[in-house]
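Architecture at a glance
Here are the chains, one letter per residue:
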Amino acid sequence: MKCDKCGKEAVIYQRYSGMHLCAAHEIADVERKVKKRMRQEKMVIPGDHVAVGMSGGKDSAVTLSILTETFGKRPEIKFTAITIDEGIEGYRNFSIPKVKELCDRLGVPHVVVSFKDEVGCTLDDMLKRERKEASCTYCGVFRRMLLNKKAREIGANKLATGHNLDDDAQTVLLNVLNGDVERLARLRPSRIQEGLVPRIKPLMDIPEREIALYAFLKKLPFYLGECPYAHESLRGEVKDMLNDFESRHPGTKYSIMRGFDSIVDCLKEKYRQVPLEKCAICGEPSIDKTCQGCKLKQRIHIKI
Ligand code: SF4
């Protein structure tokens, strides 16, 4: 197949747009969409120090690469990569070197924060103590907390993550399936909360498979393996279902997000953002007197 823009050999057929694109035009298309969204939402402005959550996978590699290509020559905008090492044997020990390689290539400082040092226990050890919930639930509580804490400590005023179109469409569907409509409203936070570094998601309009293709075409170092606990989550099932639906009805993921964006203001009106307080134990932002992390630590007998 030939590229619809230049006639060179196509590397992708975007079924949702009906376009065949060559490598150069696919790269340009991804970058155009990311830059448009960043402009629309003023995601990065002069004076920003942006912390970028880096797992070592394709999404975070593409996020950091596009951010530094777009703003890297502007001295008034600073980037720092943060990796959370959950302590997952056979996974993080392979992905962290990929983050280091990319950060060295792009000249971005890189900080690694480990569960072992900060929480007092690796995720693997935590799961040996208790398995009442899916592994991602234990992991997510501490990963979110540590990412925010470290971003705040290094003085970052934004926290960029590699969430893509598929991730957000899955989250919408997951919350509907769980009947957790209130959580849906939190997908688009309405105001800045003390202690929480505002998040930005530059890849939110890009389908996952195009991010993978972009990472390959740009020869970015990233780890292809999957977390050994990923299969346990309901998200995995939703992902398969959504991909199946997308292949039969191209554009489904974009439609889900369009539909969600048209009702999100009503949801935010109904479920007002609750002001956060400081956890009485660790001082991190929390909805209750004790944060989720400290509650979990008490439950599974990790020293506080
Ligand atoms: Fe943590 Fe789950 Fe992600 Fe693995 S898949 S890193 S357990 S959130």
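Summarised in this report is the structure supplied together with it. Note that this is a predicted model, so its numbers are computed, not measured. (Residues numbered from 1 in each chain as written. Predicted model: local features only at pLDDT ≥ 70, side-chain atom pairs only at ≥ 80, totals over all residues. Heavy atoms only, no water.)

What follows covers the nonpolar core. A general trend in soluble globular proteins is that nonpolar side chains are found buried together. Counting 32 residues, the largest nonpolar core has Val-44, Val-52, Val-62, Leu-67 and Phe-79 as its most contacted members. Taken together, the elements giving at least two residues each to this core come down to α1 (23-40), β3 (49-53), α2 (58-71), β4 (78-85), α3 (92-106) and α9 (208-217). The element contributing the most residues to this core is α2, with six residues. Aside from chain neighbours lying at most four places away, what touches Val-62 is Leu-203, Ile-211, Tyr-214, Ala-215 and Leu-220. Counting 27 residues, the second-largest nonpolar core is a separate cluster that includes Ile-84, Phe-115, Ala-156 and Ile-300. (Core = buried A, V, L, I, M, F, W, Y, C linked by side-chain atoms within 4.5 Å. Buried < 20%, exposed > 50% of the residue type's maximum accessible area, 1.4 Å probe, protein only. Helix = DSSP H or I, 4+ residues; strand = E, 2+ residues; numbered from the N terminus. Contact = heavy atoms within 4.5 Å.)

Let us look at the site of the ligand. Taken together, Glu-86, Ile-88, Leu-123, Cys-136, Cys-139, Arg-143, Cys-227, Tyr-229 and Ala-230 make up the full set of residues adjacent to the ligand. Ranked by the residues each element gives to the shell around the ligand, the list is headed by helix α6 (residues 135-153), at three residues. When the residues that make up the shell around the ligand are grouped by side-chain class, the tally is seven nonpolar, no polar and two charged. (Near = heavy atom within 4 Å. Nonpolar A, V, L, I, M, F, W, Y, C, P; charged D, E, K, R; others polar.)

Let us now look at the pairing of β4. With six of eight residues buried, β4 is to be regarded as a mostly interior element. In this fold, β3 hands off to α2, which returns the chain to β4; that crossover is right-handed. With five bridges joining them, β4 and strand β5 (residues 110-114) adopt parallel strand pairing. Note on β5: the bridge partner recorded for Asp-85 is Ser-114. In this fold, β4 hands off to α3, which returns the chain to β5; that crossover is right-handed. (Right-handed = clockwise from strand over helix to strand, strands pointing away. Pairing = 2+ DSSP bridges.)

Here the focus is unusual backbone geometry. Despite not being glycine, Lys-42 shows a phi value in the positive range, around 45°. Position of Lys-42 relative to the elements: it lies in the loop between α1 and β3. For Lys-42, a relative accessible area of 61% puts it in the exposed group. The backbone of His-301 shows a phi angle near 60°, a positive value even though the residue is not glycine. Tracing the chain through its elements places His-301 in the segment after α12 (292-299).

The end-to-end C-alpha separation of α3 is 21 Å, in line with the 21 Å expected for 15 residues at 1.5 Å each. Among the residues of α3, those classed as buried are Arg-92, Ser-95, Ile-96, Val-99, Leu-102 and Cys-103. Take α3 and look down its axis: the buried residues cluster within an arc of 125°, on one side only. Looking at the buried residues of α3, the elements they touch are α2, β4 and β5. Positioned one or two residues after α3, Gly-107 has a phi angle of 70°, which is positive. (Expected span 1.5 Å × (residues − 1). Arc of directions from axis to C-beta.)

Before going further, it helps to examine the side chain of Glu-130. Locating Glu-130 in the fold gives a position in the loop between α5 (123-129) and α6. Of the residues examined, Glu-130 reaches a relative accessible area of 10% and is grouped as buried. Separated by 2.4 Å, the side chains of Glu-130 and Arg-299 make a polar contact. Leave out the neighbours within four places in its chain, and Glu-130 touches Tyr-138, Arg-299 and Ile-300. (Polar contact = N/O pair within 3.5 Å; in protein donor to acceptor, adjacent residues only side chain to side chain.)

Further remarks concern the state of the cysteines. Summed over the entire model, instances satisfying the criterion amount to zero disulfides. Looking at Cys-282, it has no disulfide partner, and the nearest cysteine sulfur is the one in Cys-291, 3.7 Å off. Taking the relative accessible area as the measure of exposure, Cys-282 reaches 36% and is therefore partly exposed. (Disulfide = S-S within 2.5 Å.)

In total, this model carries five aromatic pairs according to the counting rule given. Residues Phe-94 and Tyr-223 carry aromatic rings whose centres are separated by 6.0 Å and whose planes lie at 25° to one another, so their mutual orientation is stacked. On the criterion of sequence distance, the pair formed by Phe-94 in helix α3 and Tyr-223 in the loop between α9 and α10 (234-248) is long-range, its members being 129 residues apart. A relative accessible area of 22% means that Tyr-223 is categorised as partly exposed. For the pair Phe-216 and Phe-222, a centre-to-centre distance of 5.4 Å together with 75° between the ring planes defines the contact as edge-to-face. Assessed through its relative accessible area of 11%, Phe-222 is described here as buried. Through successive ring pairs, a cluster of aromatic residues spans Tyr-91, Phe-94 and Tyr-223. (Phe/Tyr/Trp six-rings, centres within 6.5 Å; stacked < 30°, edge-to-face > 60°.)

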